[in-house]
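Observations on the model geometry
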Amino acid sequence: MLGAERYREFRPIDLTDRTWPGRRIRKAPRWLSTDLRDGNQSLARPMSPERKLVMFELLVRMGYKEIEVGFPVASQDDRDFLRLLIEQDRIPDDVRITVLTQAREELIRDTLDMLKGAPRALIHIYNATSPLFRRLVFGIDRDGCRDLAVHATRVMMDHAEHVLGDCDLGYQYSPELFNETELDFSLEVCEAVMDVWQPEAGRDIILNFPTTVERSLPNVFADQIEWLDRNLSRREHVCLSVHPHNDRGTGVASAELALLAGAERIEGCLFGNGERAGNVCLVTLGMNMYVQGVDPGIDFSDINAVRRTVELCNQLPVHPRHPYGGDLVYTAFSGSHQDAIKKGFDERERRSATTGTPVGELPWEMPYLPVDPKDVGRTYEAVVRVNSQSGKGGVAYVMSAWHGLNLPRGLQEDLAARVQAQAEAAGGELSPERIGALFREEHLYHGDPFRPLPLNREPVEVTLHIDGGARQAGPGAAEDLASLLGPWGIRVLAVHITEPPLHDTHLEREPLDGRSPGEVVIYAECAVDGGTSWGTGMHADMAASAFSAVRAALQARPAACPEPSRLPLPQPLAAAG
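What counts as what
- Each chain carries its own residue numbering, running from 1 in the direction its sequence is written.
- A pLDDT threshold of at least 70 governs which residues receive local features in this predicted model, and a stricter bar of 80 or more applies before side-chain atom pairs are shown or counted, although totals over entire chains, interfaces and linings include all residues.
- By convention in this description, side-chain values take in all heavy atoms of the structure and omit both hydrogens and water.
- Relative accessible area decides the class of each residue, using a 1.4 Å probe on protein chains only: under 20% of the type maximum gives buried, over 50% gives exposed, and in between gives partly exposed.
- Starting at the N terminus, helices and strands are each numbered in turn, a helix being any DSSP run of H or I of at least four residues and a strand any DSSP run of E of at least two.
- DSSP bridges decide pairing: two strands pair if at least two such bridges lie between them.
- A crossover counts as right-handed when, viewed with the strands pointing away from the observer, the path leading from the first strand over the helix to the second turns clockwise.
- Residue types Ala, Val, Leu, Ile, Met, Phe, Trp, Tyr and Cys, when buried and joined through side-chain atoms within 4.5 Å, form a set referred to as a nonpolar core.
- Note on contacts: a residue pair is in contact if any heavy atoms of the two residues lie within 4.5 Å.
- In the analysis that follows, any N or O atom pair within 3.5 Å is treated as a polar contact, provided that within protein one partner can donate a hydrogen and the other can accept it, and provided that, for residues neighboring in sequence, both atoms belong to side chains.
- UniProt positions are given in the numbering used here, feature names are shortened, and annotations may be inferred rather than shown by experiment.
- The axes used here are C-alpha line fits, helices contributing only the stretch in contact, and every angle between their N-to-C directions lies in the interval 0 to 180 degrees.
- What counts as a ring pair is set by centres within 6.5 Å for rings of Phe, Tyr and Trp (its six-membered ring), and what kind of pair is set by the plane angle: stacked under 30 degrees, edge-to-face over 60, tilted for all other angles.
- Comment: the charge-over-ring label is applied if NZ (Lys) or CZ (Arg) is within 6 Å of the ring centre and within 35 degrees of the ring normal.
- Definition used for salt bridges: Asp or Glu carboxyl oxygen within 4 Å of a side-chain nitrogen of Lys or Arg.

Strand 4 (residues 120-128) sits mainly inside the fold: nine of its nine residues count as buried. Of the two faces of strand 4, both are covered, the one formed by Arg120, Leu122, His124, Tyr126 and Ala128 as well as the one formed by Ala121, Ile123, Ile125 and Asn127. Examined bridge by bridge, strand 3 (residues 96-102) and strand 4 share six bridges and lie parallel to one another. In the sheet register, Leu100 faces strand 4, and the bridge partner there is His124. Between strand 3 and its parallel partner strand 4, the chain crosses via helix 4 (residues 105-114), and the hand of that crossover is right-handed. Sheet topology places strand 4 next to strand 5 (residues 168-176); nine bridges connect them, and they run parallel. Its bridge partner being in strand 5, Ile123 is matched across the sheet by Tyr171.

Right, dumping it as structure tokens:
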């Protein structure tokens, strides 16, 4: 690609003794949602006060304690929403709202005036500090840039004393474009601001360091944060905050490495809304901690409701592949993935039965699923979806989880081949209902189970598989079935019992062909003409179920029984086992 020589590498800092790579995230940071400010300002149709209130109430329900509610001097809607929260007493006692303003005297005064009546609040002042902005936008040198931040802090403190005497007012300062600013100058400005604010016990300051436009690798940002963590004075009274953007697609990584490097607070938006490529995603960050055993302190237990509300307020869809919340993130179409997931669920059922521990309390160890979908309010319904790329594992999962049938491996392969052919012909995926219907059409016997089989002179050799959901399969089932079916020309080679089907209380199983709970399901594996044919029987009588399974298998091989048998009709078969 031509033109790469026009760009310059973002130079890392010299921090050879960095310590953050050896650290671990062991607790959640302080979170600030800026959905109502930074997220809102990026929308083609900014939120009305009504939509803002919906978002605010969602954030409160989820557990966010710091919420940036707007830039009130920038728009009438932001101003109206701020006053609505204050005048209607909608701010919970454990929530602190934040308002943003530039480091300009008249804007600071106006912003503070709009906070009148708030019991607690935080004012967030910023000015751009990078060399490019100092030269190109403001035409000031380093001293002028530092003095702008200092003067803004003094104005804020003086005016707040006069108009917000009853408000518990906190202070946050951000050197905008921090990641592009000389580190020593960022430190100089922050120290000058602190000299005015005088942080102490009970009077902390939030120093917020944004990657206003993400330019570097995440490890470079981590080095910058660790350098500040080491060099800021009055560190015990400073909350080191970060505000990552996602221009390079590494906002989450930048935030996580910044935590390792000493950051204590993260600002972002639900599902990463924001200018250009967005702010860091608070959902991804919180859930990344959760799946590492760290409670994020935020409730994602109904992630679908969170996503629907965010889409309503932002008037933007959440991508179906968005981590943790997208429609397709818990779904496998690949055959090998489906097979591994099916085996994972089977293993959980076995461990539960062996240990007596409920499945939902077992440690989560599952191929391809980093989090249990149920933990975020999703079901297993869409974990496996079947198309032409799917294999026996996906079909077996659908038959087990949806229809309560745990098919033997050979039958899984046979049905999967038929399903794949149908999916290719349809050019899309097949629903669980359609897969169940195909199973009924191809493998289930629907007629009179007591009709005699039209067999050749040679007996039919079969291996029977009793579905693991059957309660009637006792230890003598194999001998009983062999003796009952033998007189009708059926030689039973072996009888196996499959594992029980998956039990998902979130799914409404679809009974096959009016199957009742008391029926026994038996699969017949018949050796016919050098090949194998499969059939399924369902009946309250175990022998009748086996007889039907053999008949269903032979129906697929009509050459195996050309002449009707002259055997008399059998008497009703007694239940075996």
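The subject of this paragraph is the nonpolar core. One finds Tyr64, Val69, Leu169, Ile225, Leu232 and Leu270 to be the most contacted residues of the largest nonpolar core, which totals 130 residues. At eight residues, the largest contribution of residues to this core is made by helix 7 (residues 183-197). Excluding its chain neighbours within four sequence positions, the residues that come into contact with Ile225 are Phe178, Phe209, Leu240, Val242, Ala258, Ala261, Gly262 and Ala263. In terms of nonpolar packing, the next biggest core, distinct from the first, is built from 24 residues, Val495, Val528, Phe547 and Leu554 among them.

The next thing to look at is the side chain of Asn288. Within the secondary structure layout, Asn288 lies in helix 10 (residues 282-290). Within polar-contact distance, the side chain of Asn288 engages the side chain of Glu256 at 2.9 Å. Only 2.7 Å separates the side chain of Asn288 from the side chain of Tyr324, close enough to count as a polar contact. When near neighbours in sequence (up to four residues on either side) are disregarded, Asn288 contacts Val252, Glu256 and Tyr324.

Summarizing the sequence annotation, UniProt attributes the feature "binding site: Mg(2+)" (unreviewed entry) to Asp38, His243, His245 and Asn279 in the numbering used throughout. A maximum C-alpha distance of 10.6 Å places the annotated residues, which cover 242 residues in sequence, within one compact spot. The exposure class assigned to His243 is buried, which follows from its relative accessible area of 5%. Not counting chain neighbours up to four residues away, the residues in contact with His243 comprise Thr34, Arg37, Asp38, Asn208, Phe209, Pro210, Thr211, Glu267 and Asn279.

Take unusual backbone geometry next. Phi at Phe271 takes a positive value of approximately 60°, unusual for a residue other than glycine. Within the secondary structure layout, Phe271 lies in the loop between strand 8 (265-268) and helix 10. A positive phi angle, close to 55°, is found at Gln315, a residue other than glycine. Position of Gln315 among the secondary structure elements: in the loop between helix 11 (303-314) and helix 12 (335-355). When its relative accessible area of 38% is taken as the criterion, Gln315 is described as partly exposed.

With that settled, consider the sheet that holds strand 12 (residues 531-539). One open sheet accounts for four strands, arranged 10-9-11-12; its pairing is mixed. The open sheet has two free edges, formed respectively by strand 10 (490-497) and strand 12, since each of these has just one partner strand. Pairs of neighbouring strands in the sheet enclose a mean axial angle of 25°, with direction left out of account. Pairing between strand 9 (residues 460-466) and strand 10: seven bridges, direction parallel.

Tallying each qualifying case throughout the model produces five aromatic pairs. The interplanar angle of 50° and the centroid separation of 5.3 Å between the aromatic rings of Tyr171 and Trp197 together place this pair among those described as tilted. A residue pair is termed long-range when its members are at least 10 positions apart, and Tyr171 in strand 5 and Trp197 in helix 7 qualify at 26 residues. Taken individually, Tyr171 and Trp197 each receive the classification buried, so the pair is uniform in this respect. Between Phe345 and Tyr397, the aromatic rings sit 5.6 Å apart at their centres with planes inclined by 40°, giving tilted as the arrangement. Remark: Tyr397 occurs in helix 13 (residues 392-401) and Phe345 occurs in helix 12; sequence separation between them is 52 residues. Across this residue pair, the class does not change: Phe345 and Tyr397 are buried. Put simply, the rings of Phe178, Phe209 and Phe221 pair up and form one aromatic cluster. If you follow Arg203 out to its NZ or CZ, it ends over the ring of Trp197, 3.8 Å from the centre.

To continue, consider the pattern of salt bridges. Throughout the structure, instances matching the rule amount to 40 salt bridges. With a shortest N-O distance of 3.1 Å, Glu105 and Arg109 are connected by a salt bridge. With Glu105 and Arg109 both in helix 4, this residue pair falls four residues apart, about one helical turn. Taking relative accessible area as the criterion, Arg109 reaches 33% and is therefore assigned partly exposed. The salt bridge partner of Arg146 is Glu188, with a shortest N-O separation of 2.7 Å. Here Glu188 lies in helix 7 and Arg146 lies in helix 6 (residues 142-163), a separation of 42 residues in the sequence. Under the relative-accessibility criterion, Glu188 is labelled partly exposed at 28%.

Before going further, it helps to examine the sheet that holds strand 5. Spatially, the eight strands close up into a barrel ordered 1-2-3-4-5-6-7-8, and their pairing is parallel. Adjacent strand axes in the sheet meet at a mean angle of 25°, parallel and antiparallel pairs treated alike. Relative to strand 8, strand 1 (residues 30-33) is paired through four bridges, and the arrangement is parallel. Within strand 8, the position partnered with Leu32 by the bridge is Glu267.

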